[in-house]
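If you want the building blocks of each chain, they are given just below.
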Amino acid sequence: MGNQVRATGRVVVLVLPEVNLLDLSGPVQVFDAAAHLGADYRLEYVADAAQVTSAQGLRLAGLGPLPEVGPGDLVLVPGPRLRAPTGDRPLVTEAAVAWLRAAHRSGARVAAVCTGAAALGEAGLLDGRRCTTHWTLIEHLRRRYPTARVADAVLYVHDGPVSTSAGISAGIDLALSLVEADHGPALTAAVARELVVYLRRDGAHSQLSPFLQHRAHLHPAVHRVQDHLAQHLDTPHTLTELAALAHLSTRGLTRAFTAATGITPLAYQQRLRLERAAALLTETDLPVEAVAARCGFRDERHFRRLFKATHGAPPSAARRGTR
C-alpha cells in the first residue's frame, strides 16, 4: 500500500447516522481479533452526536466526540444507508466532512467500507485517487466525483493513505488487508482462522500471497504445520518431523494436507520460501546468495533455477525491476 508513516495501532471509527451494522461490526471484529492475537490495535468509536441509530434500528450510544488524529492513525468509515441522492445535497454532515479533511491533512490513514466512500468523496479525499464502493453506488460516485477513478469488480482498493472497499462483507477483506500491511501475513492468516473467513484480495492481484493462500480450511493439524513452516523458513524440515508436529503419520499428514490445501507440505514450503525471497529481493540489498540462505535454500544455483521457473525471471532481474 505504500504507507510512508508507521501505523500507531489507533483505529478511530467514525459512526455515521444509519450506519449498516455489518459494515461496522465486520471490520471492527477483524481489528479486535488481531489485538487479541498480539497486534497493538486500539479501537475508538466517535461521531458528531452522542448517539446514532443504525440502519437496522439499533441505537449506538456513548460515542466519543470527533478527536484529533495524527500520522499513522487509522480512521475507519463504515458505510451508512444512502438513498438515491439528488442535486448537491450533502451526503454526510458538514462536521464529519471537515473532520475527515483534517484527519487526512494530519497524515492519518483513512479507510471507507462500502457506501462510506461517499463520505470520503464529500471530503475531497477521492479526487485523483483510485477507489471503489458498493455496486449500486458506482455510477453515482463517478458522476458526483468526476476526478475520482472509480473501479468496479474489485473487493477493495488502496491508493496511498486512502482505502475503500466494495459492499458489505468486503469490509472484512479490506480490514484483513490492512492488518497484513501492518503486521504481516502470518498474523492475518491467524485472524482469518479466528473469524472463520476466507482470505481474498482485490481483482488487481493475480493471485493470493502463498502465505495467505491454501488457508481456507478448518483442519487444525494442517494449520499447525502451515504456521510452523511460515515461521521457520530457513530451517530444513523432513516429512517425518512435520508429521510428528501434526500428530499424524507421514502418509496421514500428506493425505490431510493435500485434501485441505491442494498441494503437499513440501510444495507448500517451497512456495513460502520463494515468496519470501521475492520480498527480500525487492525490500533489501542483500546479495542473492544471502537471500537464498535466509529462505532455506542451501544451493544457490538450485534457488536461481526455481526462482526463474516460478517468476519467469532470474533473481537479479526481479531486483532490477523494482529499483
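Visitor: Hey, could you run me through the packing of helix α1 (residues 21-36) against helix α5 (residues 170-183) in this one?
Guide: A pair of packed helices is characterised by two quantities: the angle between their axes and the separation of those axes. At a minimum axis distance of 7 Å, the contact between α1 and α5 shows a crossing angle of 30°. Taken as axis vectors, α1 and α5 run roughly parallel relative to one another. Crossing handedness for the pair α1 and α5: right-handed. Of the residues in α5, those in contact with G26, P27, V30, F31 and A34 of α1 are G171, I172, A175, L176, L178 and V179. Counted by class, the contact of α1 with α5 contains nine nonpolar, two polar and no charged residues.

Visitor: Would you mind going over the confidence of the model for the chain with me for this structure?
Guide: The predicted structure's coordinates, where accompanied by low pLDDT, should not be read in detail. Residues at a pLDDT of 70 or more form 90% of the chain, whose mean pLDDT is 88. Ignoring residues within four places in sequence, the model shows residues 201-208, a span with pLDDT below 50, making 17 contacts including any to other chains.

Visitor: Help me out: how do you make sense of the sheet that holds strand β6 (residues 109-112) in this one?
Guide: Through backbone hydrogen bonds, the strands of a sheet pair up, either in parallel or in antiparallel fashion. Across the sheet, which stays open at both edges, the six strands sit in the order β2-β1-β5-β6-β10-β9 with mixed pairing between neighbours. Edge positions in the sheet fall to β2 (42-46) and β9 (156-159), since each has one partner strand and no second. Recorded for the sheet is a direction-independent mean angle of 15° between the axes of neighbouring strands. By the bridge criterion, four bridges tie β9 to strand β10 (residues 162-165) in an arrangement that is antiparallel. The partner of V157 across the bridge, within β10, is T164. Along the sheet face, α1 touches β1 (10-14), β2 and β5 (74-77) and points at about 155° away from the line of β2.

Visitor: What is the right way to look at the packing of helix α7 (residues 220-231) against helix α9 (residues 250-261) in this model?
Guide: α9 packs onto α7 with a crossing angle of 90° between their chain directions and a minimal axis gap of 9 Å. Judged by the inter-axis angle, α7 sits roughly perpendicular to α9. Contacts between α7 and α9 involve V222, V225 and Q226 from the former and L253, A256, F257, A260 and T261 from the latter. Counted by class, the contact of α7 with α9 contains six nonpolar, two polar and no charged residues.

About the criteria used
Residues numbered from 1 in each chain as written. Predicted model: local features only at pLDDT ≥ 70, side-chain atom pairs only at ≥ 80, totals over all residues. Heavy atoms only, no water. Axes fitted to C-alpha atoms, helices over the stretch in contact; angles between N-to-C directions. Helix = DSSP H or I, 4+ residues; strand = E, 2+ residues; numbered from the N terminus. Parallel < 35°, antiparallel > 145°, perpendicular 65-115°, else oblique. Left-handed = near helix turned anticlockwise from the far one by under 90°. Contact = heavy atoms within 4.5 Å. Nonpolar A, V, L, I, M, F, W, Y, C, P; charged D, E, K, R; others polar. pLDDT = per-residue confidence, 0-100. Pairing = 2+ DSSP bridges.

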